[in-house]
Structures are given as structure tokens and as C-alpha cells.
Amino acid sequence: MQHIGDTHRGWAHVGALVATCALVCLAACRPDESRSTGSTNVQRGAAPTTAGGEVDLGADDGQWVMPAKNYAATRFSGLTEINEQTVARLRPIATFSTGTLRGHEAAPIVANNTMYIVTPYPNFVYALDLTKPGLPVKWSYNPKPLLASQGVACCDVVNRGAVYDAGKIFFNTLDGRTIALDAATGKPAWDTKVAEINIGETITMAPLVVKGRVLVGNSGGEMGVRGWVKGLDENSGKVVWTAYATGPDKDVLIGPSFKAYYTKDQGKDLGVSSWPPGAWKIGGGTMWGWIAYDSTLDLIYYGTANPGPWNPDVRPGDNKWTSTQFARRPEDGTAVWAYQLTPHDEHDYDGVNEQIIADLPIGGQTRKVLIRPDRNGYVYVIDRQTGQLLSANPYVFINSTTGVDLKTGQLAVNPDKSPQVGKVIREICPAAPGGKDWQPSAYSPKTGLLYIPHQNLCMDEEGVSANYIAGTPYVGMNVKMYAGPGGNRGEFEAWNPVTGKQVWAVKEDLPVWSGALVTAGDVAFYGTMDGWFKAVDARSGKLLWQFKTGSGIIGQPVTYKGPDGHQYVAVLSGVGGWSGAIVAGMLDPRDSSAAAGFVNAMRDLPQKSTMGGMLYVFGL
């Protein structure tokens, strides 16, 4: 049994294939009728249904069936039992050891009184029964990914979660497979190889299921791969369409219906002509981040990653369609519009961050928009029907660029901070992980605020030669990162997307590498890399509650309603990822270039956090 105390740290879980479980009391315990249940917008009668009559678990605040909570990617829950008055009474209810010790970036998934978790490599899947004491394992699944896939993973062997749809659990493996499991039994329905590790491809993203398509993208931009998104048939696993990020229009699925808003993104076969001859074939533009979906417009939205190699001198031109926001049809992948956020990306400012769907009052009218806090340091508000840029304001300190022209959509580069071969360019802000990396924000329609977990880092860069060899690093840059202005390396920030201004911010010593969660109880949750799980007032940022977990938190918190009718919050603890590679990968802190320069900024992390792999569940 794992002891549960008020605070604890310093342990490292050691496990193999069998995880252990510990519980004080959860769903099957007799509810304490004296507890305040608060209010909730989840009806206790019939569950919401889709137009086709199926139960729509995504619209039920008692469930959490995809990492982003819903297609709009808000990570907002309407549950209110845990609120600014009651959150101080939160206590740990259960823990579950995953048996793995690398970075835990996944979101737990909750559907039909079962919680599903996916671990980092070797990508075990566990189904935990929420209706019984002891949180017993209903089933577990070992996909047995190839050992060699660990050697081509850029930034730790992470996995960002699974998705539930129509009685199945869908997830990806590091060695490039997408798998569908029967949610009740754990038996595989299909297993499709979609990526090739021999050329440097891996998969770390969470899939998304839209209109019968399982949407998946690849990782490997630092290995000289060619980025893509695939749509798989939900029932059979067959690849229905593939949309590349580089190459001729026919490969990018750009056709007659494509209408880019800005002149810079208009023209034929820009995915070829904006590259040196043949460079687009190994030019990156992977898609390992987040996808959103607007059912009214029938469009999926996602961003592509950095061009390869990092050294920009090797690839003159805009390097389309890397670091680009796309809108596509989910059933066939047809591109409807695209907007290149960072043309000729010089600093690894991938565009894979989340884009949140909202309708906002802008310029005296309600606009259908995407809100995306990009890695290049700007919060973009984009018309999601046309791709028109409505605003782009810095949410972190930026000196690598000087702003975005709203008329042309062009990002203005600061030439003084452009990397050069054989010369060290110092104090480039933000650093390569950007203002924020993959860690997803949350948006509350109640407060109208965006909650952004991010880092505050700058870097020195020096361009070096880069030679492509399939399946090996293709970077061409020496990097050293360090804390940005003020000395704090992280921040949790509330941002008003209408005014384009910060409302409040909580400074953190370390990068805030966890996802965010916000609720109708006006509480926002996030975790720190030294293991604190925190709840703050969503309107003021005031700290309301915190709990010390056994390892740093880089996972995505979720909330749900248990079978007893009460609200719970869950998060995975286990430091790692790019930011925590010094701990998870046991890297030498004396090597300032390790983990593409991130180790230099995190030399003290081994004194603040140890390896781990534990699910924590909290209740009142």
C-alpha cells in the first residue's frame, strides 16, 4: 500500500509490468451525505445525445473522454462542487503506480465509471474501476512497442494520452502505431502501423476521433522526417487520407476549395518552391500537438511543427507549410485555409500548440475565433472561418521578433537575434521551447479568460553544419538555455483574449510544464516541476490549495463526477519530457548542451524532484 500523507516527496517508484494500486475510499464508499454537493450543470437524468441518438459523453461534465475535455479544446468543466470556498478541503483519495519512470504527460480519461491511463514508453494502458473500493484494475494492455523507438525519440519517451469514442479506447505508441481497444475488455480491435522509426518517426501525441476518423500526426522534426497528419477509419484502422506539411499541393491536400487569407500564403505548390531543391522531403513540419474541431463549420484545426534542420541557413525560403495553422475537412483531409505563423522559423518555434475554439466580441461583433498561445510568444486570435488574424499580442518577453502585421499577417524578425554559423548569438528570447511548448492552456467561458502555463527562458544559439542521415539527429544548432528576465523560469498566467492583455500571473521558479484545468467553480489547476499540485482562484490567481506529490508534474489535470455523484480531480505525477530530461534521462548537469540546451536551464532540478510515475486522485 502506498502511504498517503499531507505532503511527501523523495521517493522513486520502481515497477515493471504490474502497477500497484492504493485507495482510501473512492466511488464505492458510501457517500458522506453531510458533504456539500454544490451545483453542477450535469443532469442526473438522461445523458446528452448526438444528432444520431448516440450518448454524447463529451458533452457530459461528469465524464472526461478526450484530453482537451471537448472538441473546442477548452479544458473547462461545468462541475462546481469543488469551488473557491470548498477547494481547501481537497485531500488525496487514491494513488495508482504506473510502473514506469519517464515523463508522464498524459491526461487520465474517464468514461462510464472507468478511468483509462496511458503511460510513457512502453505505453501500458490501464482501465481502473471507479465503482469499487481499491480502484482495481479492470484490465491492462501491453502494446509491446519496439525497443529501438526510444533511441529516435527527441525529447523523452512521453505519451500525451488516449481518447474514448463509441466503446473504444484509441491511443498511439512510441514506435508509430495507432491502436483501438475495446473499452470494456481491453481486447484490441485493430492495430495500424502509421509511422516508421527507421527514418526517425515516432508518435507521442494523443489522437482525436472526429466523424469516424481517428486523427494522428508524427513526431521527429529533429530527425529530418517529413511531417503529416493521417485520418484512419475508426472501425477498421485503415488509413483513409494523409496530409503532408511539405511538398506539392496534391500531397498537402490543397485543392480548389483552399483559400488562404493572406497573399504570403497564396500560390501553387508553395510547399516545394519555398524550399531549396528537394529539402522539403526532409523538412520537418510534424504534427505532435493538439487538434480542435468545430462541428458547425465541419473543420478540424491544428498547427505544424518546426522546419528541419534548426539551422536556417541550410533552408532559405519560407519553408511552407511548417509552423503553420491549418483548417481541414475531417473526413477527407482537404485543406480549407492555412496561415503560416512563423515563416522560415529560425528558433524551433513549432506551431503545434493548442488552439481553443470560442466566440468572442471583437470590433463590435461576435466573431468565431481560434485562440492560440503560440510557441513564438504571441497569443493569436484568428477568425476560424477564414484564417484572418484579428490580434497577436506577446504574453512573454520577446526580442527574437518585433511584432505581427495584422494587414499582411507577417511576423517581423529581429535580425540581431538571427542565428549565424560559427558565431554565438546571445540572449534570444523566448528560447527554443518557446513562450510555451506543448503544455495546453484552459479557457473558461465563465470568466472569459485563458489560463496559460508557460516558461520564461532565453538562450544562446550558434549555427553549425547539419548533414542528413535517416534516423539520426538533423539539427545543426548549438543551444544553451537559461532563465529569462526576472529570474523565474515559469509562470501561470490569466489572459484576456478580447483585450489582448494579461489579467494576473503567478511566477514559478521552474517552467510550468503541466497542462491547465479550469472549472465553473472558478478554480484553475496546474502542477509544478518540483511536484506541487496547485489550485488558484480563476479570477484573481490567489493560491487556494496545494499538495506535494512524489515527483514533478508535467501531466494534464482533469476533473469528473464519480459514481457517488461527487466531483474529483486527477493528475499524473512523473517528471520528464524535454524540460525534465535531466532527471528522467539521468543526464549530466555539467553538459550545458544536453537535451538541446535545456539541461543548462535545469541544473538544479535533480535536487528538487525525483523520477516517478503515479496517478493521484483528489476529492473533498
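That block above? That's the structure.
A few points on the structure. All values reported here derive from a predicted model rather than from experimental measurement.

This part takes up the nonpolar core. Within the largest apolar cluster, 89 residues are counted, with the highest numbers of intra-cluster contacts made by Val-87, Met-115 and Phe-525. Residues Leu-360, Ile-371, Leu-390 and Val-404 belong to the second largest nonpolar core, which totals 37 residues.

This part is about the sheet that holds strand S36 (residues 543-548). If you walk across this open sheet you meet the 5 strands as S2-S33-S34-S35-S36, and the pairing is mixed. Either end of the sheet is taken by a strand with one partner, and the two such strands are strand S2 (76-77) and S36. When S2 meets strand S33 (residues 517-519), the two strands line up parallel, connected through 2 bridges. Looking at the pairing, Ser-77 lines up with Thr-519 of S33.

This brings us to the sheet that holds strand S27 (residues 442-444). With respect to topology, 4 strands assemble into an open sheet ordered S27-S28-S31-S32, the strand pairing being antiparallel. Edge strands, defined here as strands with exactly one partner in the open sheet, are S27 and strand S32 (501-508). Going across the sheet, the axis of each strand differs from the next one's by a mean of 20 degrees, ignoring polarity. Pairing of strand S31 (residues 490-496) with S32 involves 7 bridges; the strand directions are antiparallel. Its bridge partner being in S32, Glu-493 is matched across the sheet by Ala-505.

This structure, assessed with the given rule, holds 4 cavities of 30 Å³ or more. Its volume calculated, the largest cavity comes out at about 280 Å³. Each residue belonging to the lining of the largest cavity can be placed in one class, and the counts come to 10 nonpolar, 7 polar and 8 charged. There is about 100 Å³ of room inside the second largest cavity. Taken together, Met-66, Pro-67, Ala-68, Asn-70, Met-205, Ala-206, Pro-207, Leu-208, Gly-289, Trp-290 and Ile-291 make up the full set of residues lining the second largest cavity. Tallied by class, residues from the lining of the second largest cavity come to 9 nonpolar, 2 polar and no charged.

Scoring rules and cut-offs
Residues numbered from 1 in each chain as written. Predicted model: local features only at pLDDT ≥ 70, side-chain atom pairs only at ≥ 80, totals over all residues. Heavy atoms only, no water. Core = buried A, V, L, I, M, F, W, Y, C linked by side-chain atoms within 4.5 Å. Buried < 20%, exposed > 50% of the residue type's maximum accessible area, 1.4 Å probe, protein only. Pairing = 2+ DSSP bridges. Helix = DSSP H or I, 4+ residues; strand = E, 2+ residues; numbered from the N terminus. Axes fitted to C-alpha atoms, helices over the stretch in contact; angles between N-to-C directions. 1 Å grid on protein atoms, 1.4 Å probe; cavity = no way out; pocket = protein on both sides within 12 Å on 5 of 7 lines; lining within 4 Å. Points joined across faces, edges and corners; volume = space filled by probe spheres on them. Nonpolar A, V, L, I, M, F, W, Y, C, P; charged D, E, K, R; others polar.

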